Amino acid sequence: MTDDPFVTHRSLLFTVAYEMLGSAADAEDVVQETWLRWAEVYRAKVHDPRAYLVRIVTRQALNRLRSLSRRREDYVGEWLPEPLLTSPDVAEDVELAESVSIAMLTVLETLGPAERAVFVLHEVFETPYQEIAEVMGKNPAAIRQIAHRAREHVAARRPRMQVDRAQQQAAVEKLMAALSTGDVQGLMEVIAPDVVVIADGGGIAAAARKPIVGVERVAAFLSRAAKIPDFVTTSTFFNGLPGIRIDVGGEATAVSVVVEDGRITRIYAIRNPHKLGRLDLVADLRR
């Protein structure tokens, strides 16, 4: 056992960094940088270690986010967040499950660094504006304006997610059943008319470089994929929601879906091998 606040709040710090960056590898680097700075702090003068650590990790994540934003402009094809294997318990916390979902992180990627940081801290972790202002080096009024813009931006783009675990699981199981047999009719019954598939191969793994839109095109695409030899699907949890792991010839794909009114409206397929190193390691996410 240890009384070190960093150890106590490490999972929280990782979750903050991950939601700001969409990359577990970068989040881990930021948490390590936070530890190095925490080790140099005279802790007797720190009245609220949790808030202090969140400020450090936020500053480090902001620095990393600005450099990542420039690199992602040159990314090959669609960019999706790094998926995290999570326990079913995470799905029980509806707000956490929605905030770390692939769908939400994809929307957050469309925000600027400052807007993303303010949204994550205030909307997800309920950090007061005054504390965010101290982190960002701005006055509280400016932070409120940034938060307002970020909320409007996210509200206009976020899917009408159905985070009910049972309904999400039912849709995933129907999708898996249809995939296992290449059943085009079964696929068309579980996916919505305006369904969109977004795939991320990063220019390394084979993947559609533009979204595939519409029930007929998506059903045809999925049925062809399911006919590949040694196509194996496994039900699992990614980022707090039921998802599917697909293995073909030693290559994995993490599939996350958005369910609206009982049907799948978004399918996110992460195939970039650089983003799949944690598919066998359960992430500890906390708020």
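Just so it is clear, the model here is predicted, and its values are computed rather than measured. (Residues numbered from 1 in each chain as written. Predicted model: local features only at pLDDT ≥ 70, side-chain atom pairs only at ≥ 80, totals over all residues. Heavy atoms only, no water.)

K.L.:
When you look at the pairing of strand β1 (residues 191-200) in this model, what are you seeing that I'm missing?
P.N.:
Working note: regular strand, side chains alternate between the two faces of the sheet. Counting buried residues along β1, eight of its ten residues qualify, which places the element largely inside the surrounding structure. Pairing analysis gives six bridges linking β1 to strand β6 (residues 263-270), with the strands arranged parallel. Paired with valine 196 across the bridge in β6 is arginine 266. In this structure, β1 lies alongside strand β2 (residues 212-213), joined through two bridges in antiparallel fashion. By the bridge assignment, valine 197 is partnered in β2 with isoleucine 212. (Buried < 20%, exposed > 50% of the residue type's maximum accessible area, 1.4 Å probe, protein only. Helix = DSSP H or I, 4+ residues; strand = E, 2+ residues; numbered from the N terminus. Pairing = 2+ DSSP bridges.)

K.L.:
What's the story with the environment of valine 57 in this structure? I'm lost.
P.N.:
Inspection of the secondary structure puts valine 57 in helix α4 (residues 49-72). For the pair valine 57 and valine 213, spaced 156 residues apart in the sequence, the C-alpha separation amounts to 38 Å. Each residue touching valine 57, except ones within four places of it in the same chain, is listed here: Leu13, Val16, Ala17, Val30 and Thr34. (Contact = heavy atoms within 4.5 Å.)

K.L.:
Whenever I open this one, the sheet that holds β2 confuses me. Can you help?
P.N.:
The pairing of strands in a sheet comes from backbone hydrogen bonds and takes either a parallel or an antiparallel form. An order of β2-β1-β6-β5-β4-β3 is seen for the six strands of this open sheet, with the pairing classed as mixed. Only two strands of the sheet have a single neighbouring strand rather than two, namely β2 and β3 (232-238). In the packing of helix α11 (residues 165-181) onto the sheet, the strands contacted are β3, β4 (241-248), β5 (251-260) and β6, and the crossing angle to β4 comes to about 20°. Helix α13 (residues 215-226) rests against β1, β2 and β6 of the sheet, and its axis sits at about 55° to β1. (Axes fitted to C-alpha atoms, helices over the stretch in contact; angles between N-to-C directions.)

K.L.:
In this structure, what is going on with the packing of aromatic side chains? I would like to understand it.
P.N.:
Any two aromatic rings considered together are summarised by their centre-to-centre distance and by the angle between their planes. Counted by the stated rule, this structure contains three aromatic pairs. Taking 5.2 Å as the distance between ring centres and 50° as the angle between the ring planes, the aromatic pair formed by phenylalanine 6 and tryptophan 35 counts as tilted. Taken together, the residues phenylalanine 6 in helix α1 (residues 5-8) and tryptophan 35 in helix α3 (residues 24-38) connect sequence positions 29 residues apart. Taking the relative accessible area as the measure of exposure, tryptophan 35 reaches 30% and is therefore partly exposed. (Phe/Tyr/Trp six-rings, centres within 6.5 Å; stacked < 30°, edge-to-face > 60°.)

K.L.:
Would you mind showing me how to read the pattern of salt bridges here?
P.N.:
For side chains bearing opposite charge, pairing can occur when the charged atoms are close. Inspection of every chain in the model, using the stated rule, returns 19 salt bridges. Two residues, arginine 278 and glutamate 28, come together in a salt bridge whose shortest N-O distance is 3.6 Å. Of the two residues, arginine 278 is situated in the segment after β6 and glutamate 28 in helix α3; the sequence distance between them amounts to 250 residues. In this structure, aspartate 93 and arginine 287 form a salt bridge, with 3.3 Å as the shortest nitrogen-oxygen distance. Taken together, the residues span a long stretch of sequence, with aspartate 93 in the loop between α5 (88-92) and α6 (94-99) and arginine 287 in the segment after β6 at a distance of 194 residues. For arginine 287, a relative accessible area of 38% puts it in the partly exposed group. Three or more residues are tied together by salt bridges with common partners; here these are Arg10, Glu28, Glu82 and Arg278. (Salt bridge = Lys/Arg side-chain N within 4 Å of Asp/Glu carboxyl O.)

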